[in-house]
Amino acid sequence: MGLSDALKGFIKKQFIDVIHWTEPEDGILAWRFPMQDMEIQNGAKLTVRESQAAMFVNEGRAADVFGPGLYTLNTQTLPILTNLMNWDKMFQSPFKSDVYFFVTKQQVNQRWGTAQPVTIRDKDFGAVRLRGYGVYSWHIENPKAFHQKLSGTKEIFRVADIEPQLRQMIVGRMSDAFAESGLPFLDMAANLVEVGERIQASVRPVFAEFGIALDTFAVENLSLPEELQKMLDTRIGMNMIGNMQQYTQYQAANALPIAAANEGGGGMAGLGVGLGAGVGFGQVLAGALNPQQMAAQQPPQPPPQAPPPVTPVVPVPAAAGGAPAAAPPPAAGAETKFCMNCGKQIPRPAKFCPECGSAQQ
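Analysis parameters
Residues numbered from 1 in each chain as written. Predicted model: local features only at pLDDT ≥ 70, side-chain atom pairs only at ≥ 80, totals over all residues. Heavy atoms only, no water. Helix = DSSP H or I, 4+ residues; strand = E, 2+ residues; numbered from the N terminus. Buried < 20%, exposed > 50% of the residue type's maximum accessible area, 1.4 Å probe, protein only. Contact = heavy atoms within 4.5 Å. Areas by Shrake-Rupley, 256 points an atom, 1.4 Å probe, with all protein chains shown as cover. Pairing = 2+ DSSP bridges. Axes fitted to C-alpha atoms, helices over the stretch in contact; angles between N-to-C directions. Disulfide = S-S within 2.5 Å. pLDDT = per-residue confidence, 0-100. Salt bridge = Lys/Arg side-chain N within 4 Å of Asp/Glu carboxyl O. Expected span 1.5 Å × (residues − 1). Bend = angle between axes of the 7 residues up to and from the residue.

(A) Looking closely at the overall build of the chain. Within the chain, the secondary structure is distributed over ten helices and 14 strands. Classification of the 361 residues of the chain by burial places 31% in the buried group. Counted over contacts in the chain with a minimum sequence separation of 6, partners at least 24 positions apart contribute 62%. Of the roughly 22700 Å² of accessible surface on the chain, a fraction of 56% belongs to carbon and sulfur atoms.

Below, the structure written as structure tokens:
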């Protein structure tokens with residue numbers, strides 16, 4: 001390499017005529033133009049493509065910001081940098097300044113979710129814990145605020161560097177959004193679009209502080225933890241059953257064909273036991289769930305019956321001579337028979353005739 005080539009290379013490294021950048025891959029948000037041992041000439045060209053923004057930083061202070069377009073760098077296009085460098089009288093060429101490029105396109109399909117359940121106060125269930133997840137999209141709206149609060153002087157700043165913080169900000173605002181909405185959990189689960197709009201309205205100002213615009217926010221699912229979900233399913237099932245007695249009768253009627261199809265006599269016998277137990281359990285459960293309805297369904301109890309009258313026992317006086325007195329004649333309509341010896345009418349159960357004393361067969 002000759003001396004002239006070395007001199008050209010030295011000059012090329014020292015002075016910059018064109019400043020531009022194309023992002024090599026997805027996921028990059030900010031990139032610093034390499035300016036080590038290099039200076040920008042007066043009249044240099046700055047190319048900013050669509051979905052990009054460029055910003056000049058002088059000695060750590062943010063200066064001019066450029067949107068998409070082709071610019072010639074001079075005192076007219078760099079008013080803030082001109083003021084910082086005191087170029088009011090004469091533009092110094094070349095000059096040093098850091099140049100950062102920012103990607104302003106939407107970052108889509110960003111996932112959010114609750115690592116732990118969020119506790120809220122619900123109108124129907126009291127204090128409950130919710131899980132949720134969904135997607136959102138955003139873009140860099142204010143490169144200066146984004147640079148000052150997030151990307152800083154890093155050579156490359158990626159989506160992965162900020163994504164965990166954005167998720168935490170969303171989850172942190174969820175409880176406030178739920179509380180302000182005043183919607184019960186069941187209404188939230190049935191109106192996910194409205195819930196997403198409320199959360200987006202709550203999160204948008206927080207994102208704006210970092211120079212980020214929240215474009216879309218969607219809630220894909222809201223659910224309870226597993227143990228609470230089982231309790232809710234049980235409650236919904238009981239509400240769907242309604243009349244427990246009718247439901248038990250319906251279940252018993254459905255079980256009849258199944259038991260009849262079983263071979264042997266044990267099917268119907270087992271069915272009888274099962275139906276009796278099932279009906280009894282259904283009645284007990286229905287009474288526990290709705291005691292007033294069960295009390296109304298019970299038939300009125302009959303009045304208590306009076307005890308049968310007690311017939312007094314009248315002693316029979318003894319006849320003269322010590323012989324037993326004759327028994328009184330049996331009451332009309334009583335069961336009687338005739339003595340086999342004397343023909344007198346005597347009670348049917350008697351084994352001896354009270355008149356003649358003969359034994360009766």
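(B) Region of interest: the sheet that holds strand S1 (residues 15-19). Strand order in the open sheet formed by three strands is S1-S3-S6, and the pairing between neighbours is mixed. For this open sheet the edge positions go to S1 and strand S6 (69-72), each flanked by a neighbour on one side alone. Each neighbouring strand pair of the sheet contributes to a mean axis angle of 15°, computed without reference to strand direction.

(C) Representation of the state of the cysteines. Considering all chains together, one arrives at zero disulfides under this definition. The thiol sulfur of Cys353 is not disulfide-bonded, and the nearest other cysteine sulfur, from Cys339, lies at 3.5 Å. Classification of Cys353 as buried rests on a relative accessible area of 3%. Free of any disulfide, Cys356 has its nearest neighbouring cysteine sulfur in Cys339, separated by 3.6 Å. Residue Cys356 is classed as partly exposed on the basis of its relative accessible area of 34%.

(D) View of the confidence of the model for the chain. Averaged over every residue, the pLDDT of the chain is 76; residues scoring 70 or more account for 65%. Contacts for the low-pLDDT stretch residues 318-324, under 50 throughout, to residues beyond four places or in other chains number four contacts.

(E) Inspection of the sheet that holds strand S5 (residues 61-66) at higher detail. One open sheet accounts for five strands, arranged S5-S4-S7-S2-S11; its pairing is antiparallel. Edge positions in the open sheet fall to S5 and strand S11 (156-158), since each of these has one partner strand only. Across the sheet, the axes of successive neighbouring strands diverge by a mean angle of 20°, strand direction being ignored. Relative to S11, strand S2 (residues 28-32) runs antiparallel, the two sharing three bridges.

(F) Region of the structure containing the pattern of salt bridges. In this structure the tally under the stated criterion is seven salt bridges. The salt bridge partner of Arg158 is Glu25, with a shortest N-O separation of 2.5 Å. Of this pair, Arg158 sits in strand S11 while Glu25 sits in the loop between S1 and S2, and the two are 133 residues apart along the sequence. The shortest N-O distance in the salt bridge between Glu220 and Arg111 comes to 3.1 Å. Here Arg111 lies in strand S8 (residues 107-113) and Glu220 lies in strand S12 (residues 212-223), a separation of 109 residues in the sequence.

(G) Here's a closer look at helix H6 (residues 192-208). The terminal C-alpha atoms of H6 lie 24 Å apart, and with 17 residues this matches the ideal 24 Å at 1.5 Å per residue to within 8%. The largest bend along H6 reaches roughly 30° and is located at Ser202, with the proline Pro205 sitting one to four residues downstream. Every buried residue of H6 is accounted for by Val195, Gly196, Ile199, Gln200, Ser202, Val203, Val206 and Phe207. Those residues of H6 that are buried are in contact with strand S10 (126-140), helix H4 (163-181), helix H5 (185-190) and S12.

(H) Examining the pairing of S5 more closely. Summarising the sheet, strand S4 (residues 52-58) and S5 pair through four bridges and their orientation is antiparallel. Counterpart to Asn58 in the pairing with S5 is Arg61. Counting the residues in the hairpin turn of S4 and S5 gives two residues, including Glu59, whose phi is positive at 50°.

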